[in-house]
Amino acid sequence: MDKGEEDDDEEAWLQLRPVEPLPSQCCGSGCSPCVFDLYQRDLASWEAARASKDRSLLSGEETQTCPSKLSPETFLAFCISATDRLTKDTYLVRFTLPGNSQLGLRPGQHLILRGIVDGLEIQRAYTPISPANAKGYFEVLIKCYQTGLMSQYVESWKAGDTAFWRGPFGGFFYKPNQYGELLMLAAGTGLAPMVPILQSITDNAEDETFITLVGCFKTFEDIYLKTFLREQARFWNVRTFFVLSQENSLEQLPWSYRDKTHFGRLGQDLIEELVGSCRRKPFALVCGSAAFTKDVAGYLLSAGLAEDSYFLF
């Protein structure tokens, strides 16, 4: 091989080299494998193939096929069947599954969504709120932010569009009757992982776990899934409470909410009251912003819960 051919061959190999992900392509939720893990895997395969001059060793060819099942490593296309605007900035989006198939997630597990805005690829984590045994569809609760890149992408969706997901991810695996009582503490869309766990319990007549769910929102209008939560609260083992940070008048709330709504923020005193009112020894589930999660974890420790008695989504 002369020098010109060697240069061409080298250029061909460089064009096959995996591209290192941008920071925006990492959702930041600690997924395994992370997009950077996949890059390191592909880079190692490329280096081995290049060293042996054997392109058949490259794994990139698998992306040419269309996978039929969710994978943590490969994005799979799903068609959007409906979008429903729940509040001024939050959407409930339904995706179609082939035939009568199921998504295959355990309650509370999440997926990674890939979006492209202005040529920039971004990835974010979202938790389906549809029942784990839902057939033919899954639903995701997504809050949009004025300056968010993924928000721009989501707000452009319409029925018939396609979105790409990979997963599942998540380290909490619920088992029926595993805990005496679950204390669910959620802020905003942090309600999402609680919904399928809650429904899996109330759908199972053999599961006698008590549930205390506390949803933290700015106003009454911001509370998501009111009908669903009202129906769940009718079960003998379910209590629901709400903490509203920008409301201050019980008279402005419907009668059914007045005895279970607190104003202000979820703080140490209320956490201690909730823990103390649990009917059995509680295991706490916490999901919200990073600041909310950190603060609540501290409150739970101060309220007497051990570190192995709560899980932070």
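Relevant structure appears above.
Here the structure is a predicted model, which means the values were calculated and not measured.

> Before we go on, may I ask you to explain the environment of Phe-228 in this structure?
On the secondary structure map, Phe-228 appears in helix 5 (residues 226–232). The exposure class of Phe-228 is buried, given its relative accessible area of 15%. Along the chain, Phe-228 and Val-195 lie 33 residues apart, while their C-alpha atoms are 9.0 Å from each other.

> What's the story with the pattern of salt bridges in this structure? I'm lost.
Pairing between side chains of opposite charge can happen when the charged atoms of each approach one another. On inspection of all chains with the given rule, the structure shows four salt bridges. Ionic pairing is found between Arg-94 and Glu-139, a salt bridge with its closest N-O pair at 3.0 Å. Of this pair, Arg-94 sits in strand 2 (residues 90–96) while Glu-139 sits in strand 5 (residues 137–143), and the two are 45 residues apart along the sequence. Given a relative accessible area of 31%, Arg-94 falls into the partly exposed group. With a closest N to O distance of 3.4 Å, Lys-158 and Asp-161 form a salt bridge. Look at the salt bridges and you will find they share partners, linking Glu-181, Arg-239 and Arg-279 into a network.

> For this particular structure, what's the right way to read the environment of Glu-155?
Note on placement: Glu-155 falls in helix 3 (residues 149–155). The class of Glu-155 is partly exposed, set by a relative accessible area of 44%. Taking the C-alpha atoms as reference, Glu-155 lies 9.4 Å from Asp-89; in sequence the two are 66 residues apart. Among residues more than four places away in sequence, those in contact with Glu-155 are Tyr-91 and Cys-144.

> Sorry, what's going on with the sheet that holds strand 7 (residues 181–187) here?
One key point about sheets: their strands pair by backbone hydrogen bonds, in either a parallel or an antiparallel sense. If you walk across this open sheet you meet the six strands as 10-9-8-7-11-12, and the pairing is parallel. Either end of the sheet is taken by a strand with one partner, and the two such strands are strand 10 (261–263) and strand 12 (310–312). Direction aside, the axes of adjacent strands within the sheet are offset by 15° on average. Sitting on the sheet, helix 8 (residues 290–302) touches strand 7, strand 8 (210–217), strand 11 (282–287) and strand 12, and the angle it makes with strand 11 is about 160°.

> Looking at this structure, how should I read the nonpolar core?
Buried together is how nonpolar side chains tend to be arranged in soluble globular proteins. Ranked by size, the top nonpolar core spans 33 residues in total, and within it Leu-182, Met-184, Leu-191, Ile-197, Ile-223 and Leu-285 carry the most contacts. Of all the secondary-structure elements, those providing two or more residues to this core are strand 7, helix 4 (194–202), strand 8, helix 5, strand 9 (238–244) and strand 11. It is helix 4 that provides the largest number of residues to this core, a total of five residues. Phe-78, Phe-95, Ile-122 and Tyr-126 belong to the second-largest nonpolar core, a separate cluster that totals 25 residues.

> Can you walk me through the side chain of Ser-71 in this structure?
Of note, Ser-71 is situated in the loop between helix 2 (35–52) and strand 1 (76–87). Engagement of the side chain of Ser-71 in a polar contact is seen with the backbone nitrogen of Glu-73, the distance being 3.1 Å. In contact with Ser-71, other than residues within four places in its own chain, are Arg-166 and Gly-167.

> Help me understand empty space enclosed by the protein, please; the structure alone is not making it clear to me.
Counted under the stated rule, the structure contains one cavity of 30 Å³ or more. In terms of residue class, the lining of the largest cavity is built from 11 nonpolar, three polar and one charged.

> Explain the pairing of strand 11 here, please?
Here is the key point about a regular strand: its side chains alternate between the two faces of the sheet. Strand 11 sits mainly inside the fold: six of its six residues count as buried. Neither face of strand 11 is exposed, since Pro-282, Ala-284 and Val-286 on one face and Phe-283, Leu-285 and Cys-287 on the opposite face are all buried. Bridging between strand 11 and strand 12 involves three bridges; their strand directions are parallel. Within strand 12, the position partnered with Val-286 by the bridge is Leu-312. After leaving strand 11, the chain enters helix 8 and then returns to the sheet as strand 12, a path that is right-handed.

> I would appreciate a short explanation of unusual backbone geometry in the present structure.
With the exception of glycine, the majority of residues adopt a negative phi angle, and the majority of peptide bonds are in the trans configuration. Residues Gly-167 and Pro-168 are joined by a peptide bond in cis, for which omega reads 5°. Relative to the helices and strands, Pro-168 resides in strand 6 (residues 162–169). At Asn-177, a residue that is not glycine, the phi angle is positive and equals roughly 60°. Inspection of the secondary structure assignment puts Asn-177 in the loop between strand 6 and strand 7. For Asn-177, a relative accessible area of 42% puts it in the partly exposed group.

> When you look at helix 8 in this model, what are you seeing that I'm missing?
Spacing of three or four residues puts side chains on the same side of an α-helix, whose turn is 3.6 residues. For helix 8, with 13 residues, the first-to-last C-alpha span of 19 Å sits near the 18 Å given by 1.5 Å per residue. Residues Phe-292, Thr-293, Val-296, Ala-297 and Leu-300 constitute the buried set of helix 8. Angularly, the buried residues of helix 8 cover 130° about the axis, an arc narrow enough to put them on a single face. Set apart from the buried face of helix 8 by more than 90 degrees, the exposed residues are Ala-290, Lys-294 and Ser-302.

Reading guide: rules and limits
- Residues numbered from 1 in each chain as written.
- Predicted model: local features only at pLDDT ≥ 70, side-chain atom pairs only at ≥ 80, totals over all residues.
- Heavy atoms only, no water.
- Helix = DSSP H or I, 4+ residues; strand = E, 2+ residues; numbered from the N terminus.
- Buried < 20%, exposed > 50% of the residue type's maximum accessible area, 1.4 Å probe, protein only.
- Salt bridge = Lys/Arg side-chain N within 4 Å of Asp/Glu carboxyl O.
- Contact = heavy atoms within 4.5 Å.
- Pairing = 2+ DSSP bridges.
- Axes fitted to C-alpha atoms, helices over the stretch in contact; angles between N-to-C directions.
- Core = buried A, V, L, I, M, F, W, Y, C linked by side-chain atoms within 4.5 Å.
- Polar contact = N/O pair within 3.5 Å; in protein donor to acceptor, adjacent residues only side chain to side chain.
- 1 Å grid on protein atoms, 1.4 Å probe; cavity = no way out; pocket = protein on both sides within 12 Å on 5 of 7 lines; lining within 4 Å.
- Points joined across faces, edges and corners; volume = space filled by probe spheres on them.
- Nonpolar A, V, L, I, M, F, W, Y, C, P; charged D, E, K, R; others polar.
- Right-handed = clockwise from strand over helix to strand, strands pointing away.
- Expected span 1.5 Å × (residues − 1).
- Arc of directions from axis to C-beta.

These values are about where atoms sit, not about what they do.
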